[in-house]
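Here's the letter readout for the chains.
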Amino acid sequence: MTLIVRGARILGGSAADLTIEDGTITAIGTASASADATVVDADGLVALPGLVDLHTHLREPGFEQSETVATGVRAAAAGGFTAVFAMANTRPVADTVAVVEQVAELGRRAGLAYVQPIGAVTVGLAGERLADLGMMARSAARVRVFSDDGHCVHDAQLMRRALEYVAPFDGVIAQHAQEPTLTVGAQMHESALSGELGLAGWPAVAESAIVARDVLLAEATGGRLHVCHVSTGETVEVLRWAKARGIRVTAEVTPHHLVLTEQEVRGYDARFKVNPPLRAASDVDALRAALADGTIDVVATDHAPHPVEAKQAAWADAAMGMVGLETALAVVQEAMVDTGLLDWEGVARVLSTTPARIGRLATQGQGIVVGAPAHLALLDPSGATSIETHHLHGTSTNSPFLGRSLPGRVVHTIYDGRPTVSDGVVA
Ligand code: DOR
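These figures come from a predicted structure and were not determined experimentally. (Residues numbered from 1 in each chain as written. Predicted model: local features only at pLDDT ≥ 70, side-chain atom pairs only at ≥ 80, totals over all residues. Heavy atoms only, no water.)

Engineer: Please explain helix α11 (residues 328-337) as it appears in this structure.
Structural biologist: Note: α-helices contain 3.6 residues per turn, so residues at a spacing of three or four share the same orientation. Extensive coverage of α11 is indicated by the burial of nine of its ten residues. Buried residues of α11: A328, L329, A330, V331, V332, Q333, A335, M336 and V337, and no others. (Buried < 20%, exposed > 50% of the residue type's maximum accessible area, 1.4 Å probe, protein only. Helix = DSSP H or I, 4+ residues; strand = E, 2+ residues; numbered from the N terminus.)

Engineer: Looking at this model, I keep getting lost on the site of the ligand. Mind explaining?
Structural biologist: What surrounds the ligand is a group of 14 residues, the closest being R59, N89, N275, H306 and M320. At 2.8 Å, a side-chain N or O of N89 approaches an oxygen atom of the ligand. By residue class, the composition of the shell around the ligand is three nonpolar, eight polar and three charged. (Near = heavy atom within 4 Å. Polar contact = N/O pair within 3.5 Å; in protein donor to acceptor, adjacent residues only side chain to side chain. Nonpolar A, V, L, I, M, F, W, Y, C, P; charged D, E, K, R; others polar.)

Engineer: Is there a simple way to explain the nonpolar core in this structure?
Structural biologist: Soluble globular proteins tend to bury their nonpolar side chains together. Residues L48, F146, V227, I296, L329, V347 and L351 are the most contacted members of the largest nonpolar core, which totals 101 residues. Every residue in contact with V347, bar those within four places of it in the chain, is listed here: L48, L329, V332, V337, L342 and S352. In this structure, V5, I10, I20 and I414 belong to the second largest nonpolar core, which totals 18 residues. (Core = buried A, V, L, I, M, F, W, Y, C linked by side-chain atoms within 4.5 Å. Contact = heavy atoms within 4.5 Å.)

Engineer: Even after reading the chapter, I still don't get the sheet that holds strand β14 (residues 249-253), so can you show me in this structure?
Structural biologist: Hydrogen bonds along the backbone pair up the strands of a sheet, which may run parallel or antiparallel. Sheet architecture is open: five strands sit in the order β9-β10-β13-β14-β15, paired in parallel fashion. Each having just a single partner strand, β9 (145-146) and β15 (298-299) make up the two edges of the open sheet. Here strand β13 (residues 225-227) pairs with β14 via three bridges, running parallel. Within the sheet, the bridge partner assigned to L225 lies in β14 and is V249. (Pairing = 2+ DSSP bridges.)

Engineer: Would you mind showing me how to read the sheet that holds strand β8 (residues 114-117) here?
Structural biologist: Judged by pairing direction, the sheet is parallel, and its three strands sit side by side in the order β6-β7-β8 without closing on themselves. Looking along the sheet, the strands with just one partner apiece sit at the ends: β6 (51-56) and β8. If you compare each strand with its neighbour and ignore which way they point, the axes differ by 20° on average. When strand β7 (residues 81-86) meets β8, the two strands line up parallel, connected through four bridges. If you follow V84 over to β8, its bridge partner there is V115. Packing of helix α12 (residues 344-358) onto the sheet brings it into contact with β6 and β7, and relative to β6 it is tilted by some 50°. (Axes fitted to C-alpha atoms, helices over the stretch in contact; angles between N-to-C directions.)

Set out below in structure tokens:
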């Protein structure tokens, strides 16, 4: 099958046609359409390599009322993603070969994006015993990223062992950095505002203290550490120090932490309840600067679907998390591109090339070059869209951006040489 993508601005630069044959980019330049070629009109659109999300909750098996692999990859495709790493906090937990292979198979069947399972670090996410990381790595699911996300690997000895264990097969431990003893009952960022609102605070040091410990463990073991959803300026300082020392650490920031602050909590609308919590405006500034200068390596959505009843609850009882696959690119455009902090090449780096590299996913994130697999997101950066539920393609609608206007629009997504989104419509 031949596909011609006509007139796209490659990484926001000059316009060219992309010829795609049997899933591979075979030419970049001016294409003369052969009779049997399918043509995608991309005149004026920005072509990015297919986006890769290192942190997606697909909820299957076990929580299908929130999301399934099939619905989650529809949301992913709509957002320009061609690969997602599926978090391990399913039921049963993805701590065995059977579960990671099941998730990978569900992804293959859904067919709209590559689904790479993440394995749990500890059995049942209980933080007591290491899961069989080696078996999951050697399985057909080829797991390289391990995480207890939702829970911190709190025991320092276990964390040390996990970092040591995954080093020989080039795995990475993705830590949910939250000192549990500092966040018992915590409901929002700890600040003057949490006092005013009467909600138990979640101090910034609960995150940075764990990251400080873990970068030192990574140094001591030579293992590879990835820090999930960095939310504070203090953590950025720790990462900057660790990277300057040559420690093998990478980090992600979510779209929501790049634009939303604790002020959203004033309305007690549980769509804004998330772990880690929305922080202060000064943290947002520090996170943007860190993403721009490479201290934070990638943007990852932490797409966390929850059913209506879990969110239409009193603040204290509501579930934590927000969906984010469809809006991620628009939020990054607003926070980073429209502010001049990143160009589209930078966006390709933080949303495609680097997440694929951190997760050791060889078939994605290779950029837009001849010979690369044809995974593309084609975006119209002009204009703005008011986000409504019909823009969300997953099972749950707990987006903090509903009713809010965001710039840009994903027009087409191409996965493995096939359109998964055409003119904004998911295949
Ligand atoms: O808000 C969150 N929700 N943060 C996490 O770390 C876990 C996630 C979930 O699974 O709902």
